[in-house]
Amino acid sequence: MAQGMKRLGMPIAAFLGLALIGLIGTSWFLNRDALRQAVEAQIRAVTGLDLVITGAIDVSVFPGSYVSFHDVGLKGGGTVDPALQVDVLTANLRLLPLLLRRFEIADVMMLRPHIRVVRDGNGESNWTPFVETIARAMKPGAENQVSFSEIRIQDGVLNYEDPTNNVSETLGDIDLSLAWPSISRSFAATGQFDWRGERVDGSVSASDFVAALSGDRSGLKARLASAPLKLAFDGTVANRTSLMMEGTVTIDSMSLRNALRWMGQATPGGGFGRFALKARANVVGASVALTNVNVELDGNVAEGVMTFANNGRQTLQATLAAGALDFTPYISTFRLLASGARDWNRQLFDLTSLSTTDLDMRLSAAKVTVGPTKLGRTAFGANLRAGALALSIGEAQMYGGIAKGSFGIARSDTVADVKAQFQFTDVDLQACASELFGINKLSGRGNLSVSLVASGTSPFGLASSLDGTATLTGRDGAIAGFNVEQLLKRLERRPLSGGGNFRSGSTPYDTLNVAVKFNDGIATAEDVRLEGPATRLTLTGTASVPTREYDLKGVASLTSAPNAPPGFDLPFVVQGPWDDPLVFPDPESLIRRSPGAAPLLDAVRDRKTRDAVRSVIERITGGARPAAPAAADGPAKPN
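All figures in this text were calculated on a predicted structure; none of them were measured in a lab. (Residues numbered from 1 in each chain as written. Predicted model: local features only at pLDDT ≥ 70, side-chain atom pairs only at ≥ 80, totals over all residues. Heavy atoms only, no water.)

(A) Focus on the overall build of the protein chain. Regarding its fold elements, the protein chain presents 14 helices and 29 strands. When contacts within the protein chain are restricted to residue pairs at least 6 apart in sequence, those whose partners lie at least 24 apart make up 48%. Roughly 34,400 Å² of accessible area belongs to the protein chain as shown, and the carbon and sulfur atoms make up 57% of that amount. (Helix = DSSP H or I, 4+ residues; strand = E, 2+ residues; numbered from the N terminus. Contact = heavy atoms within 4.5 Å. Areas by Shrake-Rupley, 256 points an atom, 1.4 Å probe, with all protein chains shown as cover.)

Shown next as structure tokens:
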């Protein structure tokens, strides 16, 4: 066996030696000018670009077979500026054809290329001749078919310009490997690049590269992965008159807010965290239609259809349905009231996100949560166009009843113009008044209608400019904080006996009617009436929305029958903050109802009687004069 291996090894060694000698001899006698010209011709034939060489040319046959061009520019016919500039372009040669004095490029390596892509208004670019030439050269039956097995790009830079759409992008530190289809029809590219400060891994493969270059239908798989966003597409592509793609698209992001910021899009405060989307995509030009959509955002899962267009301005349309939606993350950063205070929040609005994208969305859900508010089956829409946001609620199960209405915000520089119109039918007044107006003293069921407009740069500015109307009709409820019937009966018997604790108990009612008009943040009570089993209340006065305080006067009456005249009237005053107002009876009315105090009150109001009383007091006190306001205004204590 050993002798056989020796006999076989000798011819092999001799053959390799002869090949080595032949290769060395070829390198001595090789016409380097012909080699350089042949390489240039092949590159021109494959790329359709002319080489403009301004640097040195290195030719090597042994030990490595390659031709390196320094400071190379490649440009298409009729163009002035090069589409591609390369610091060093190296063409590696196939060994066996080289021994037969045929020059064939095996692969190409570009070191520090600078790629420039300029797109015109017709959708074509300065690289169109390059693509057309490759398509012609690689078609079956084409003459002088030439190709490379691989093109490698190292430390490259790509500049993309689209003056029509005002788009300019730069990709840096490109490391890319292009598997050129020299034998099979497929094409693949894998590599990495930097875009807007993030490293992106990418891969693209086409099942029929010639068809894809010619604009015919071809299978396409693409994947992009970065820290902010991951995207994958699996389907087909064609580009006859415009780009058309059809297939399955998946998008995944740990933070949609960071992904949108990375892509140059502004987002409103709150939410936009975990995001995932899977859908059937149909792309035509700059329009994307998504069907069979399954989307997840901040734990909310919905299904439906979506369309996206970027024809000068980005437009998103969607119709989605969900089992449950939670909008709490999107309002978490919005505060109407200052933290830990009764004052309105004075922080300025950030309205920049209202001017970036047009939105037309329809949503329906079996359950909706907005902060502490729980809604049942709800259908609503959102429309954002030219900086104006309009929200509409077709019907929502809310506060135990039905809610309908609309809410709009229009941006004017830094000022928000707000308009709200809502109707609440047969709702729980305690929950409704508490969450909408911060009033927690009212209970019962009823209807509420609100029509308001305001303009300002902060919640305080909106409260200060509030205009509009609000009407409320309630039934079978109560007002907490005082018991009018009990108080009136006690004061009817002994007007000056003291009312005890005015701020305890509650006043039940059968019907409640409230009509309020707002003007520059001041709410005027135009009609406030309460009818109870044994009491009747009427209120007049104002309430300041900016300061959130009452300044009201009313009359409470005891009634023996619904339509009977009042048996005992008592004026009272409501003052103080909305969440904890002071309610107390009118003192002059109580004095007048006291048999012993009323004559004294009339007496001190008469000047002669007042002077006589003062003279007697001076004689008794030895000339000391009491303060005039105390003598005139202090109520006398009855005996």
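(B) Representation of the pattern of salt bridges in the model. What the rule picks out here adds up to 17 salt bridges. Here the salt bridges do not stand alone but share partners, grouping Asp173, Asp175, Asp194 and Arg199 into one network. (Salt bridge = Lys/Arg side-chain N within 4 Å of Asp/Glu carboxyl O.)

(C) Region of the structure containing the pairing of strand β16 (residues 314-326). Relative to β16, strand β15 (residues 300-310) is paired through 9 bridges, and the arrangement is antiparallel. Bridging across to β16, Met306 finds its partner in Ala318. (Pairing = 2+ DSSP bridges.)

(D) Representation of the environment of Thr378 within the structure. Take Thr378: it is sitting in strand β18 (residues 373-385). Between the C-alpha atoms of Thr378 and Met398, which are 20 residues apart in sequence, the distance is 8.7 Å. Once residues lying within four places of it in the same chain are set aside, the contact partners of Thr378 are Leu363, Ser364, Ala365, Val368, Glu395, Ala396 and Gln397. Within the structure, the side chain of Thr378 is placed 2.8 Å from the backbone oxygen of Gly376, a separation counted as a polar contact. (Polar contact = N/O pair within 3.5 Å; in protein donor to acceptor, adjacent residues only side chain to side chain.)

(E) Inspection of the side chain of Asp162 at higher detail. Structurally, the position occupied by Asp162 is in strand β6 (residues 150-162). Arg119 is the oppositely charged side chain nearest to the buried, salt-bridge-free Asp162, at an N-O distance of 4.4 Å. Each residue touching Asp162, except ones within four places of it in the same chain, is listed here: Arg119 and Val167. (Buried < 20%, exposed > 50% of the residue type's maximum accessible area, 1.4 Å probe, protein only. Lys, Arg positive; Asp, Glu negative; His and termini not counted.)

(F) Fine view of the pairing of strand β10 (residues 218-225). Alignment of strand β9 (residues 198-206) against β10, held across 6 bridges, turns out to be antiparallel. In the strand pairing of β10, Ser203 is matched with Arg223. For β10 and strand β11 (residues 230-239), the ladder comprises 8 bridges, and the chain directions are antiparallel. In the sheet register, Lys221 faces β11, and the bridge partner there is Asp234.

(G) Molecular detail of the environment of Val67. When you line up the elements, Val67 lands in strand β3 (residues 66-75). On the accessibility criterion, Val67 (0% relative accessible area) is buried. Here the alpha-carbon distance between Val67 and Asn92, two residues 25 residues apart in the chain, equals 6.6 Å. Apart from residues lying up to four places away in sequence, Val67 is in contact with Leu35, Val39, Ile57, Asp58, Val59, Leu89, Thr90 and Ala91.

(H) Structural detail: the nonpolar core. The biggest cluster of nonpolar side chains holds 83 residues, and the ones touching the most others in it are Leu277, Leu290, Phe424 and Phe518. For this core, the element with the highest residue contribution is strand β21 (residues 415-428), accounting for 6 residues. Ignoring sequence-local partners within four residues, the contact set of Phe518 consists of Leu452, Leu466, Asp467, Gly468, Thr469, Ala470, Ala523 and Val545. Counting 41 residues, the second largest nonpolar core, distinct from the first, contains Val39, Ala83, Phe148 and Val200. (Core = buried A, V, L, I, M, F, W, Y, C linked by side-chain atoms within 4.5 Å.)

(I) Representation of the side chain of Asn300 within the structure. On the secondary structure map, Asn300 appears in strand β15. Among the polar contacts listed, one links the side chain of Asn300 to the backbone nitrogen of Asp326, at a separation of 2.8 Å. Those residues in contact with Asn300 that lie beyond four places of it in its chain are Val295, Ala324, Leu325, Asp326 and Tyr330.

(J) Looking closely at the confidence of the model for the protein chain. In the predicted model, the protein chain carries a mean pLDDT of 81, and 76% of its residues have values of at least 70. Note on residues 624-639: pLDDT is under 50 here. Beyond four places in sequence and across chains, it has 14 contacts. (pLDDT = per-residue confidence, 0-100.)

(K) Main features of the packing of aromatic side chains. Taken as a whole and assessed by the stated rule, the structure comprises 8 aromatic pairs. Considering the side-chain rings of Tyr399 and Phe424, the 6.1 Å spacing of their centres and the 45° angle between planes classify their relative orientation as tilted. Of the two residues, Tyr399 is situated in the loop between β19 (388-398) and β20 (401-412) and Phe424 in strand β21; the sequence distance between them amounts to 25 residues. We note that Tyr399, like Phe424, is buried. Among the aromatic side chains, those forming a connected cluster through ring pairs are Phe272, Phe327, Tyr330 and Phe380. It is Arg346 that lies over the ring of Phe460; its NZ or CZ is 3.6 Å from the centre. (Phe/Tyr/Trp six-rings, centres within 6.5 Å; stacked < 30°, edge-to-face > 60°. Lys NZ or Arg CZ within 6 Å of the ring centre and 35° of its normal.)

(L) Layout of helix α8 (residues 429-437). For α8, every residue scored as buried is listed here: Leu429, Cys432 and Ala433. The buried residues of α8 occupy an angular sector of 90° when the element is viewed end-on, so they sit on one face. Contact partners of the buried residues in α8: β21, β22 (442-456), β23 (467-480) and β24 (506-519). Gly438 sits one or two positions beyond α8 and adopts a positive phi of about 70°. (Arc of directions from axis to C-beta.)

(M) Representation of the environment of Gly215 in the model. One can find Gly215 in the loop between α5 (209-214) and β10. The spatial distance from the C-alpha of Gly215 to the C-alpha of Ser242 is 8.9 Å, given a sequence separation of 27 residues. Setting aside anything within four residues of it in sequence, one finds Gly215 in contact with Ala238, Asn239 and Arg240.

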